[in-house]
Amino acid sequence: MGSADSRRPWMTVVGVVRDVRHNGLTGRIKSKFYVPHAQFALSAQTAPRDMTLVVRTVGEPLSILGPIRSAVRAVDPALPIADVRSMQAVVGASLSTPRLTTGLLSIFAGLALMLAAVGVSGVLAYLVSRRRREIGIRMALGATRASVVRMVVQQGLAWAGAGIASGILAALFLTRLMSGLLYGVAPRDPKTFVTVTLILFGVALAASAIPAMRASKVNPLEVLRSE
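J.: Could you clarify how one ought to interpret a nonpolar patch on the surface in this entry?
T.: Residues L100, L104, I107, F108, L111, M114 and V118 make up a contiguous nonpolar surface patch of about 720 Å² in total accessible area. With respect to the helices and strands, L104 occurs in helix α4 (residues 96-130). Taking relative accessible area as the criterion, L104 reaches 42% and is therefore assigned partly exposed.

J.: Would you mind going over the packing of helix α3 (residues 87-94) against α4 with me for this structure?
T.: The description of two helices packed together rests on the angle between their axes and the distance between the axes. Interhelical geometry of α3 versus α4 gives an angle of 50° and a closest axis separation of 4 Å. Taken as axis vectors, α3 and α4 run oblique relative to one another. In this structure, α3 uses G92, A93 and S94 to contact α4, whose residues at the interface are S96, P98 and R99. For the contact of α3 with α4, the per-class residue count stands at two nonpolar, three polar and one charged.

J.: Sorry if this is basic, but what is going on with unusual backbone geometry here?
T.: Note on backbone geometry: most residues besides glycine have negative phi, and most peptide bonds are trans. The phi dihedral of D83 is positive, around 55°, even though this residue is not glycine. Secondary-structure assignment places D83 in the loop between α2 (65-75) and α3.

J.: How should the pattern of salt bridges be read in this particular structure?
T.: When the charged atoms of two side chains with opposite charge come close together, those side chains can pair. The full count for this structure, using the stated rule, is one salt bridge. With its nearest N and O atoms 3.3 Å apart, the salt bridge here joins D83 to R85. Taking the relative accessible area as the measure of exposure, D83 reaches 61% and is therefore exposed. Look at R85 and you get partly exposed, because its relative accessible area is 44%.

Rules used throughout
- Residues numbered from 1 in each chain as written.
- Predicted model: local features only at pLDDT ≥ 70, side-chain atom pairs only at ≥ 80, totals over all residues.
- Heavy atoms only, no water.
- Patch = residues over 30% accessible without salt bridge, like charges linked within 9 Å, V, L, I, M, F, W, Y side chains within 5 Å.
- Areas by Shrake-Rupley, 256 points an atom, 1.4 Å probe, with all protein chains shown as cover.
- Salt bridge = Lys/Arg side-chain N within 4 Å of Asp/Glu carboxyl O.
- Helix = DSSP H or I, 4+ residues; strand = E, 2+ residues; numbered from the N terminus.
- Buried < 20%, exposed > 50% of the residue type's maximum accessible area, 1.4 Å probe, protein only.
- Axes fitted to C-alpha atoms, helices over the stretch in contact; angles between N-to-C directions.
- Parallel < 35°, antiparallel > 145°, perpendicular 65-115°, else oblique.
- Contact = heavy atoms within 4.5 Å.
- Nonpolar A, V, L, I, M, F, W, Y, C, P; charged D, E, K, R; others polar.

On their own, these measurements won't tell you what the molecule is for.
Spelled out as structure tokens, the structure:
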């Protein structure tokens, strides 16, 4: 393996390892190579500024910090030791920004879902009040409470279905903008789309149930007398 800089020596490749996500889980995997520490200054044409020591432990990682410091001081008493962290802390720090972004998106999604449920329930409640006379006449002519509930719920689900279909079409084009925030899942993951669709239909069903139950309790005699 050589370099465009003729002053740098040629190096012999002795093995190939798997890709490493050195720049974060969502960062682009860059080409890297490992060099023995004793040969670093020769290959990089500069003196090494620091060294990272990775130690595998059993149990609490920081519990062996004392023996590690003693071993380092035995090699060089003047060598400083800093930024001691467990691998869990390292991974947590790399995931802090994605976790914050995910948390904010989850909060906004929850608020949007709540507003959608309140909107569906409110619109259906208004339409039921407007169709009170119609519902009373239907029940006077033999319509059962179950059929009235089914009529109102079907109308709510029809609106929800139209909105969900529009949202899915928009998501198919817009999810590619979130690809940088995703790890281990594709922007157009079918399971995610199916799960979200079922959740939205469930929320629409629950939001339609309250005005549907109110519509089924309309007394046809009171309605006809008021008219």
